[in-house]
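# Structural overview for review
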Amino acid sequence: MGATTSLCGLLGSRREPLGGDAVAPEREICCDYLVVGAGASSLAFVDTLVEEMPSVRVCIVEKREAPGGHWNDAYDFVRLHQPSLFYGLPSRQLEGNWLLSFLKFQKPWFHRATKQEILRHYRAGVRSWSRAGRAQFYGNCEYDFARTPKSADGTHYFTSLDTGEEYSVKVSKKLVNGVEYEPLIPSKCPLPFPVDKEVTVLTPNDLPATRKRHPHYVVLGCGKTGMDTVIYLQRKLGVDPKDITLLVPNDVWIYDRYPRVPSRGPWDFVHKYLECDGDFPRTCLAMEAQGLFLRFDETRMPTVLRHPIIDKKELALLRRVNMVRRGRVSSIKLGVGKRSILLKFGSDYLPMTFRENTAFVNCCSPGPFNGHRASLNSEDVDIFDSKSLITLYIIFTPPASLPSSAIAFLEAGLQKGTIDLEFGRDLLEDSSLEPTEVLRRLFHPWPIMSKNLKGVVNPILNMALFLALAHRDCREVLRWLRSSRLSLFSMPMYKSGLWDAVNMMLEKKGNLGLTDKEERILRKLVAKLEPLRAV
Ligand SMILES: Cc1cc2nc3c(=O)[nH]c(=O)nc-3n(C[C@H](O)[C@H](O)[C@H](O)COP(=O)(O)OP(=O)(O)OC[C@H]3O[C@@H](n4cnc5c(N)ncnc54)[C@H](O)[C@@H]3O)c2cc1C
């Protein structure tokens, strides 16, 4: 499917996207918001925006044919790591019908959507906005960031990847960049080191269709994709664990999917990190002692946390295979006489030899956050960049969906004049600031891969700022969070501990390295959020 329709006059000549009758698209478009990317980040933003601003007109431009972002190219056996309850579009359930689940003796809060369920969810959302005349989807089209106009009234451009035709867009409000966390996935990235062409290299996407059974599988990478692959090889393909080698460059901490104690997911880690003054090993061991964290080998201290979630049965399967800890692979070459394969590591480790018909499964693409500048240090990165640009960075957890929805709620509040600007100006001690400037200066992305204490606890500050600013009455914001299926506040009896956490940040101001101004901001937040101290 190619590009779709014109938004000038919105309901003008329209081609029904995602499976309707084709109408030739117009190439000069007008809209209020031009959203680039149609993954989890962008679509949660659009969903909230159209809900909060009933007459808004949105144009979505996406390089891939269909909405759903990287899930379109994911391996077929992928599922969400986390419950479906908190992922996707705020306006539609991803976990399916609760009554049907109960009739099948399944608990909807444990549902983890498959790739197909996720893709159907996003397609249904885009289709409904399109039919209601709220948003138009231009699939197989690439937005040209290099040509983003310098002035708010400039013209934006995107190109159809089918026909090469160029589209121009007049945007009355903002460009929304939803592509910053586009994950690099194995099916789209070749191995980043030399590999002889005779060697069999598969991606997880190849496994379900591979008829030929290999005598040995070497899984390259121990992130969530590597873990899924080892489990799939054993459970679905019946491969004996002694015929699987998992390369573990660094041991990783893993969230227990079904902990025996109540869990707030990554919030637990953020709060514990503050309690432990930013001591990474101590925090992780405390999480483990509480039954929230798992690791491959209890005699080895992991150094990495990338927030994967698995259950104990899956961990048991992982522990059955050969784990090799020799750092990162540097090459895969055929041995002398082509009867063996030589796997080389850095200079500190000896190479390993495998039989010539071994299959190597590429699970070593860095995923969503690694390497992104905002994932390590986000001080210089802006979300509310200017009067004409928003960039969808993660501001708190659970990642991807809720943060983008919250940014849309703030943006709608900015447009409607319902956010508490005076309070924002008071926090920043400058009564002359423009509304966008207030949001730009206050909200910074969560540097999700950082170990710096101030960076790790940034979701506490962002959630407090969100509750205090998104409406003059913080109880209204709480009501919104409670009504959003993406938010943990929607769980009955949920206790966030947020107010106490902001107070703890004040107690630990020395360890956090807070400036006097930052301390004053926290004190004002504590005062404004007093009505929410028990939530
Ligand atoms: C295997 C796997 C499992 C995961 N499981 C979970 C999970 O359970 N829970 C969780 O919270 N997160 C999970 N994640 C993290 C995941 O990255 C996010 O949940 C989320 O899907 C990322 O969405 P996104 O919109 O930021 O990126 P994407 O899904 O990549 O969407 C960005 C889109 O932008 C498009 N694009 C890029 N540049 C342009 C351009 N110039 N013009 C037009 N379009 C463009 C891309 O084609 C892409 O479709 C998982 C990631 C992976 C790889």
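Residues numbered from 1 in each chain as written. Predicted model: local features only at pLDDT ≥ 70, side-chain atom pairs only at ≥ 80, totals over all residues. Heavy atoms only, no water.

## Overview of the overall build of the chain
What the chain contains, in helices and strands, is 17 helices and 19 strands. The C-alpha atoms of the chain give 24 Å as radius of gyration, which agrees with the globular expectation for 535 residues (24 Å, within 12%). Taken along its principal axes, the extent of the C-alpha atoms in the chain is 75 × 60 × 50 Å. Counting across all 535 residues of the chain, residues that qualify as buried make up 56%. (Helix = DSSP H or I, 4+ residues; strand = E, 2+ residues; numbered from the N terminus. Rg over C-alpha atoms; globule rule 2.2 N^0.38 Å. Buried < 20%, exposed > 50% of the residue type's maximum accessible area, 1.4 Å probe, protein only.)

## Description of the side chain of Ser101
For Ser101, the position within the fold is in helix 2 (residues 98-103). Given a relative accessible area of 7%, Ser101 falls into the buried group. In this structure, Ser101 is in contact with Glu95, Gln106 and Pro108, ignoring residues within four places of it in sequence. (Contact = heavy atoms within 4.5 Å.)

## Here's the deal with the site of the ligand
Not every one of the 32 residues close to the ligand is listed here, only the nearest: Ser41, Glu62, His81, Gln82 and Tyr87. Residue Ala40 places a main-chain N or O atom 3.1 Å away from an oxygen atom belonging to the ligand. Note that an oxygen atom of the ligand is positioned 2.9 Å from one of the backbone N or O atoms of His70. When isolated, the ligand has an accessible area of 980 Å², and the protein chains bury 94% of it. In terms of residue class, the shell around the ligand is built from 19 nonpolar, 8 polar and 5 charged. (Near = heavy atom within 4 Å. Polar contact = N/O pair within 3.5 Å; in protein donor to acceptor, adjacent residues only side chain to side chain. Areas by Shrake-Rupley, 256 points an atom, 1.4 Å probe, with all protein chains shown as cover. Nonpolar A, V, L, I, M, F, W, Y, C, P; charged D, E, K, R; others polar.)

## A word on empty space enclosed by the protein
A full pass over the atoms with the stated rule returns 1 cavity of 30 Å³ or more. In this structure, the largest cavity encloses a volume near 80 Å³. Residue lining of the largest cavity: Trp267, His271, Thr397, Pro398, Leu402, Met463, Ser487, Leu488, Phe489, Tyr494, Ser496 and Leu498, and that is the complete set. Among the residues forming the lining of the largest cavity, the class breakdown is 8 nonpolar, 4 polar and no charged. (1 Å grid on protein atoms, 1.4 Å probe; cavity = no way out; pocket = protein on both sides within 12 Å on 5 of 7 lines; lining within 4 Å. Points joined across faces, edges and corners; volume = space filled by probe spheres on them.)

## Some details on the domain arrangement of the chain
Domain assignment breaks the chain into domain 1 (27-177), domain 2 (186-251 + 296-362) and domain 3 (375-532). Relative placement of domain 1 and domain 3: their C-alpha centres are 24 Å apart. Taken together, the contacts link 29 residues of domain 1 with 29 residues of domain 3. Buried area between domain 1 and domain 3, both sides added, is near 2300 Å², and the carbon and sulfur share of it is 58%. If you sort the residues of domain 1 by the area they bury against domain 3, Glu52, Phe86 and Lys174 come out on top, with a joint share of 32%. Put simply, domain 1 and domain 3 have 3 salt bridges between them. With its nearest N and O atoms 2.8 Å apart, the salt bridge here joins Glu411 to Lys174. One can count 16 residue pairs in polar contact (both at pLDDT 80 or more) joining domain 1 with domain 3. Contributing elements (two or more residues each) for the side of domain 1 that touches domain 3: helix 1 (40-52), helix 3 (115-131) and strand 6 (166-177). The element that contributes the greatest number of residues to the side of domain 1 that touches domain 3 is helix 1, accounting for 8 residues. (Domains from an automatic or database assignment. Buried area = accessible area lost by both parts, 1.4 Å probe. Salt bridge = Lys/Arg side-chain N within 4 Å of Asp/Glu carboxyl O.)

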